[in-house]
Amino acid sequence: MFRSRRAALLRRLWRQRCPTPGPEEGPGALKPAAHALFKKLKDEELELLLQAVESRGAWESGCVWVPRGAKQALPPQVLLCRLFRWPDLRQPHELKHLCYCQSAGGRGGCGDAAALCCNPHHFSRLAAPETPPPPYSKSISPSWPTEPKSPQLLEISCNHAEWRDTSISRSAARDGCWCKLAYWEHRTRVGRLYAVHEASVNVFSELPRGSGFCLGQLPAVHRSRAVRRARGKIGRGLLLSRELSAVWAYNRSEHPIFVSSPTLGPPGAHGLTVLKVLPGYSVKVFDYERVGGIGAGGWQRGDGPCDPHSVRISFGKGWGPCYSRQFITSCPCWLEVLLAQPR
C-alpha cells in the first residue's frame, strides 16, 4: 500500500515536468538524477513538492529539505528548477531564495547548514538589465515595438499635488510601516493607501489562499477597455519584500511587469531605468545604500521632481522613450511603492 502511494506521487510529479525541445536537453536526460534525488525524500516531502509544482507556486508550500554535501552533478535546487520551471537554467547563482523560504539568508529549518531547501517554487531567477533597443518611432512601423529589456525612462508627467498626497515620511517608519502602496489606473488613484507592516506583501488580483493587497477587491470606477484588459493579466501579481538594505520584487504573474526606481540604474546614470521583469524573475528594485547619493531635493526629471524613496511598477505595459507611452501615467494599471525614509 505504501509503495503504491509513493509510486503514485512520483508518477504525478513526473507529469508536471517542463516540456523542452530536443532529446539531449529534454527532461528525460534529467530522469536518473531526479529519481536519485526523489529517493532521498520522505513521502511527506514528496507531497509538499507535488503541491508546489501542481499549484505552480500559487500556494506558499513548505520547504523540501535535502542533505547538503551530497555528490551530484547538479545541485538539488538547480535540478528541480530545471525539471519543473526553467529548462535553460545552468548555475545556482542564477537563482535567488524567496523571502519565505527557510533556507534564505542561511536559515536552516532542518539543522541549520545540514540541509538545503530544494522546493523549486521557493526560488526565482535574477533579472538583469540588457542593452536597450533604439527609441520608439512611429515612422518605423505602424505597430507597437517589441517590449525591450531595459530602456531608459523619461520621468512621468503628473500634477505635483497628486504626488504630495501619496508621500510618506519618517513618521511611517516609527509606526512600523516600511512602505505604503498606491494603485493607479492611468492618472487616477483607485482605493486608499495600503500600509505594509510585515516584511513582505503580496499584490495580486487573483491568488488562491492569498493575503495582502488585493487589487481585485478595489471599487470599480468607469474603467476603459484597456484598463479592464490589463487588470485581467495581473493574476497572482507580485511579491514585494524588504530584505536587509534592499527591496525586492518577484513577478508571480504570467505576464511581464515593468519597474523603475532612482536606484535601479547603474551608478552615474543620467536618468531612471525601467526594467522588464519576466514571470518567475526577481529584481532588486530599491537599494537603501545607494539612495543617499541622489540628494535631498529629489530626483529632477521631466515635468517635476520625483520622490527618491519610491518605486513604480506597471503591470504588462512599459513606458519611456522606447515605447509609445512616454510616461507611466499612460499605463493602464500601475503601482506606486512609497518607502518610509530611514530614521
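Residues numbered from 1 in each chain as written. Predicted model: local features only at pLDDT ≥ 70, side-chain atom pairs only at ≥ 80, totals over all residues. Heavy atoms only, no water.

Caption draft 1: A look at helix α2 (residues 31-39). Along α2, the positions that sit buried rather than exposed are Ala 34, Leu 37 and Phe 38. Buried residues in α2, looked at end-on, bunch into an arc of 100°, giving them a common side. In α2, those exposed residues whose orientation departs by more than 90 degrees from the buried face are Pro 32 and Lys 39. (Buried < 20%, exposed > 50% of the residue type's maximum accessible area, 1.4 Å probe, protein only. Helix = DSSP H or I, 4+ residues; strand = E, 2+ residues; numbered from the N terminus. Arc of directions from axis to C-beta.)

Caption draft 2: Structural context of the confidence of the model for the protein. Overall, the predicted model of the protein reaches an average pLDDT of 80, with 75% of residues at or above 70. Here residues 136-166 is a poorly scored stretch, pLDDT under 50, and it has 91 contacts once near neighbours within four places are set aside; other chains count. (pLDDT = per-residue confidence, 0-100. Contact = heavy atoms within 4.5 Å.)

Caption draft 3: Layout of the pairing of strand β7 (residues 188-196). In terms of strand pairing, strand β6 (residues 179-185) meets β7 through six bridges, oriented antiparallel. The partner of Cys 179 across the bridge, within β7, is Val 196. Counting the residues between successive antiparallel strands, the hairpin from β6 to β7 contains two residues, one of them, His 186, with a positive phi of roughly 55°. (Pairing = 2+ DSSP bridges.)

Caption draft 4: Focus on a positive patch on the surface. A contiguous patch of positive charge on the surface is contributed by Arg 225, Arg 228, Arg 229 and Lys 233. Structurally, the position occupied by Lys 233 is in the loop between α7 (225-231) and β10 (238-243). For Lys 233, a relative accessible area of 39% corresponds to the partly exposed category. (Patch = residues over 30% accessible without salt bridge, like charges linked within 9 Å, V, L, I, M, F, W, Y side chains within 5 Å. Areas by Shrake-Rupley, 256 points an atom, 1.4 Å probe, with all protein chains shown as cover. Salt bridge = Lys/Arg side-chain N within 4 Å of Asp/Glu carboxyl O. Lys, Arg positive; Asp, Glu negative; His and termini not counted. Charge placed at Lys NZ, Arg CZ, Asp CG, Glu CD.)

Caption draft 5: The arrangement of the sheet that holds strand β8 (residues 200-204) in detail. Read across the sheet, seven strands follow the order β2-β4-β14-β11-β10-β8-β9 without closing on themselves; strand pairing throughout is mixed. This sheet does not close on itself; its edge strands, each paired only once, are β2 (95-97) and β9 (212-214). Across the sheet, the axes of successive neighbouring strands diverge by a mean angle of 30°, strand direction being ignored. The pairing of β10 with strand β11 (residues 246-251) spans six bridges and is antiparallel. Counterpart to Leu 240 in the pairing with β11 is Ala 249. (Axes fitted to C-alpha atoms, helices over the stretch in contact; angles between N-to-C directions.)

Caption draft 6: Structural context of unusual backbone geometry. Although it is not a glycine, His 186 adopts a positive phi angle of roughly 55°. Mapping His 186 onto the fold places it in the loop between β6 and β7. Unusually for a residue other than glycine, Leu 244 sits at a positive phi of about 55°. With respect to the secondary-structure elements, Leu 244 resides in the loop between β10 and β11.

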